[in-house]
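# Understanding the architecture of this molecule
This is what each chain is made of:
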Amino acid sequence: MTRVPFTASCSASTHKYCLVNRLNIGTTTLPEFSTSLAFPFFPLKKGRSFRRISVVAMSDLSKSTVLVTGAGGRTGQIVYKKLKERSDQYTARGLVRTQESKEKIGGDNDVYIGDIRNIENITPAIQGIDALIILTSAVPKMKPGFDPTKGGRPEFYFEDGAFPEQVDWIGQKNQIDVAKAAGVKQIVLVGSMGGTNPNHPLNSLGNGNILIWKRKAEQYLADSGIPYTIIRAGGLQDKEGGVRELLVGKDDELLQTETRTIARADVAEVCIQEGKSRRCFCVSNNPGEDSAKSGVEDDEGNSLGVEAALSMLKFYKREISPLLPKSCRYVPTCSEYSMIAYKKYGVVKGTILTAWRLCRCNPLGGSGFDPPRWFDEATPPEP
């Protein structure tokens, strides 16, 4: 990848880059027009063959009304909250699927309940907005009956009506169509890395071909004529934002680096601060920045892998644990420890820490307060 310095209104401490190229997706082509990529809230360094960016304002609109669809999800909640906190710049709206999700994010009157598969359901939420941030996605579930104590791999499925074709293609297409008819000035669509490989393992989950349908929706947005930004995020992690350097690339090139993950809070910040332009890029975090703070490196887990692990653990706690005698020697228990480890460290390190805890939980092992921590981290104080 070639980087070209972009010097317009650039301060001495902020580097801006302009990159013009094209992204091939099967038989279709998405333009990757990148104007100024200046993100002041993220550290910026030079070097390597991909862009590292630090943030621009979402648009030049004054007091923009912004709708976040999928506002009940973990990343959607962060985006919605950030918009609400910046009430001097944005009027925030949210779209969720259920009353429960609405109450979870505050239950305000600016949160709409609707089904993205039904155009009539989502039209009221989209009418009158300036910008739309799409964070809706199909989520695979683990088939019941899997027993982790017997080994093997769990199987996954999508609920009826919630297949990737219905959610990531039809649902997102509906949002784009309604937004275009309503005169929305900008759309930010959050997708996933890995779509350049049709044989990617994520496509096999529940036979849903989730990345293929996501790419089809991206192409539809690119052809819509609406100013857009497509953000293909790495594996989403529940970590503090604004800490690690932001890496930006194309064609899934970041999957070839030492990091494939990104904090949800960083994705949320990019969603809000993306400028009006037609561009498409992948984002992840530089693990070096996280290492400097916590003394550990990023794992190679991704959000779907973490969700799968958590589903298995929830099944164990609900169906199997009540049938067994209470024998765990530690606080938190091994299952609680594992859930915390996966959420904090991702798939690879979460699995390593879980295995290490299970090896120690025996009559010859230790006992007492033992929260998840990587091997060179200090033990936090007991509550």
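Residues numbered from 1 in each chain as written. Predicted model: local features only at pLDDT ≥ 70, side-chain atom pairs only at ≥ 80, totals over all residues. Heavy atoms only, no water.

## With respect to helix H3 (residues 119–126)
To keep it simple, the criterion reads: Residue exposure (1.4 Å probe, protein chains only): buried if accessible area is under 20% of the type maximum, exposed if over 50%, otherwise partly exposed. Secondary structure elements follow DSSP: runs of H or I of four or more residues count as helices, runs of E of two or more count as strands, with numbering from the N terminus. The arc in question is the one spanned by the directions pointing from the helix axis to the C-beta atoms. Whether two residues are in contact is decided by their heavy atoms: any pair within 4.5 Å suffices. In protein, a polar contact requires one atom able to donate a hydrogen and another able to accept it; more generally it is a pair of N or O atoms within 3.5 Å, and residues adjacent in sequence count only if both atoms are side-chain atoms.
Regarding H3, the residues found buried are Ile122, Ala125 and Ile126. Here the buried residues of H3 occupy an arc of 90° about the axis, which is enough to place them on one side. The secondary structure elements touched by the buried residues of H3 are strand E5 (64–69), strand E6 (90–96), strand E7 (111–113) and helix H4 (164–181). N-capping of H3 is provided by Asn118, with a side-chain oxygen placed 2.9 Å from the backbone N of Glu120. Of the residues trailing H3, Gly128 is marked for its positive phi of about 85°.

## Let's talk about empty space enclosed by the protein
Filter applied, for reference: A cavity here means a set of 1 Å grid points, computed over protein atoms only, where a 1.4 Å probe fits but cannot escape. A pocket is an open set with protein on both sides within 12 Å along at least 5 of 7 lines, and lining residues have an atom within 4 Å of a point. Grid points are joined across faces, edges and corners, and a volume is the space filled by probe spheres set on the points. In this classification, the charged set is Asp, Glu, Lys and Arg, the nonpolar set is Ala, Val, Leu, Ile, Met, Phe, Trp, Tyr, Cys and Pro, and all remaining amino acids, among them Gly, are polar.
Looking at the largest cavity, its volume works out to about 50 Å³. Elements with a contribution of two residues or more to the lining of the largest cavity: strand E13 (235–237) and helix H10 (334–345). Tallied by class, residues from the lining of the largest cavity come to three nonpolar, two polar and four charged.

## Remarks on the pairing of strand E8 (residues 131–134)
Note the threshold: By the convention used here, strands pair only if DSSP detects at least 2 bridges between them.
Every second residue of E8 is oriented toward a common face, with Ala131 and Ile133 on one face and Leu132 and Ile134 on the other, all of them buried. In the sheet, E5 pairs with E8 via four bridges, with the strands oriented parallel. Of the residues in E8, the one forming a bridge with Val68 is Ile133.

## Concerning the packing of H10 against helix H11 (residues 347–360)
Filter applied, for reference: Note on definitions: angles span 0 to 180 degrees between N-to-C directions of axes, and those axes are lines fitted to C-alpha atoms, for helices only across the stretch in contact. Angles are sorted into four bins: roughly parallel if under 35 degrees, roughly antiparallel if over 145, roughly perpendicular if 65 to 115, and oblique for all others. In this scheme the handedness of a crossing depends on how the near helix is turned from the far one: anticlockwise by less than a right angle means left-handed, clockwise means right-handed.
Look at H10 against H11: their axes get within 7 Å of each other, and the N-to-C directions meet at 155°. Between H10 and H11, the interaxial angle falls into the category roughly antiparallel. The chirality of how H10 crosses H11 is right-handed. From H10, Cys334, Tyr337, Ser338, Ala341, Tyr342 and Tyr345 reach across to H11, where they touch Val347, Lys349, Gly350, Thr351, Leu353, Thr354, Arg357, Leu358 and Arg360. Residues of the contact of H10 with H11, tallied by class, amount to eight nonpolar, four polar and three charged.

## So, a positive patch on the surface
Put simply, the rule reads: Distance thresholds for patches are 9 Å for like charges and 5 Å for nonpolar side chains (Val, Leu, Ile, Met, Phe, Trp, Tyr), applied to residues having over 30% relative accessible area and no salt bridge. Per-residue accessibility takes into account occlusion by the displayed protein chains alone, with areas from the Shrake-Rupley method and a 1.4 Å probe. By salt bridge we mean one thing: a side-chain nitrogen of Lys or Arg within 4 Å of a carboxyl oxygen of Asp or Glu. When charges are counted, neither His nor the chain ends are considered; positive counts come from Lys and Arg and negative counts from Asp and Glu. Charged side chains are reduced to one point each, which is NZ for Lys, CZ for Arg, CG for Asp and CD for Glu.
A grouping of Arg97, Lys141, Lys314 and Lys343 is seen on the molecular surface, where their side chains present a positively charged patch. Following the sequence through the fold, Lys314 ends up in helix H9 (residues 303–320). Taking the relative accessible area as the measure of exposure, Lys314 reaches 47% and is therefore partly exposed.

## Considerations on the environment of His200
Mapping His200 onto the fold places it in the loop between strand E11 (186–192) and helix H5 (201–204). Sequence separation between His200 and Ile210 is ten residues, and the spatial gap between their C-alpha atoms is 9.7 Å. In contact with His200, not counting residues within four places along its chain, are Gly194 and Leu211.

## Topic: the packing of aromatic side chains
Note the following rule: Stacked, tilted and edge-to-face pairs are distinguished by plane angle, under 30 degrees for stacked and over 60 for edge-to-face with tilted covering the rest, among Phe, Tyr and Trp rings (Trp via its six-membered ring) whose centres lie within 6.5 Å. Placement of a charge over a ring requires the Lys NZ or Arg CZ to be within 6 Å of the ring centre, with the centre-to-atom vector within 35 degrees of the ring normal.
Evaluation of the coordinates by the stated rule reveals three aromatic pairs. Considering the side-chain rings of Phe158 and Phe163, the 5.8 Å spacing of their centres and the 45° angle between planes classify their relative orientation as tilted. Among the residues examined, Phe158 registers a relative accessible area of 4% and is labelled buried. Looking at Phe163, the relative accessible area reads 31%, which means it is partly exposed. Seen in terms of ring centroids, Tyr345 and Trp374 are 6.4 Å apart; in terms of plane orientation they differ by 40°. Their pairing is tilted. With Tyr345 in helix H10 and Trp374 in the segment after strand E18 (368–369), this residue pair connects regions lying 29 residues apart in the sequence. Sitting over the ring of Trp374, Lys349 keeps its end group 4.8 Å from the ring centre.

## Focus: the pattern of salt bridges
The tally for this structure, following the rule as stated, stands at 16 salt bridges. In this structure, Arg74 and Glu307 form a salt bridge, with 2.1 Å as the shortest nitrogen-oxygen distance. One end of the pair, Arg74, is in helix H1 (residues 74–85); the other, Glu307, is in helix H9, and 233 residues separate them in sequence. Overall, the relative accessible area of 26% leaves Glu307 in the partly exposed class. The closest approach of N and O atoms between Lys84 and Asp108, which form a salt bridge, is 3.3 Å.

## Focus on the environment of Lys104
Tracing the chain through its elements places Lys104 in helix H2 (residues 99–104). Each C-alpha atom of the pair Lys104 and Gly73 lies 10.0 Å from the other, and the pair is 31 residues apart in sequence. If near-sequence neighbours (up to four positions away) are discounted, Lys104 is found in contact with Gly72 and Gln77. Here Gly72 takes part through its backbone oxygen, which lies 3.3 Å from a polar atom of the side chain of Lys104.

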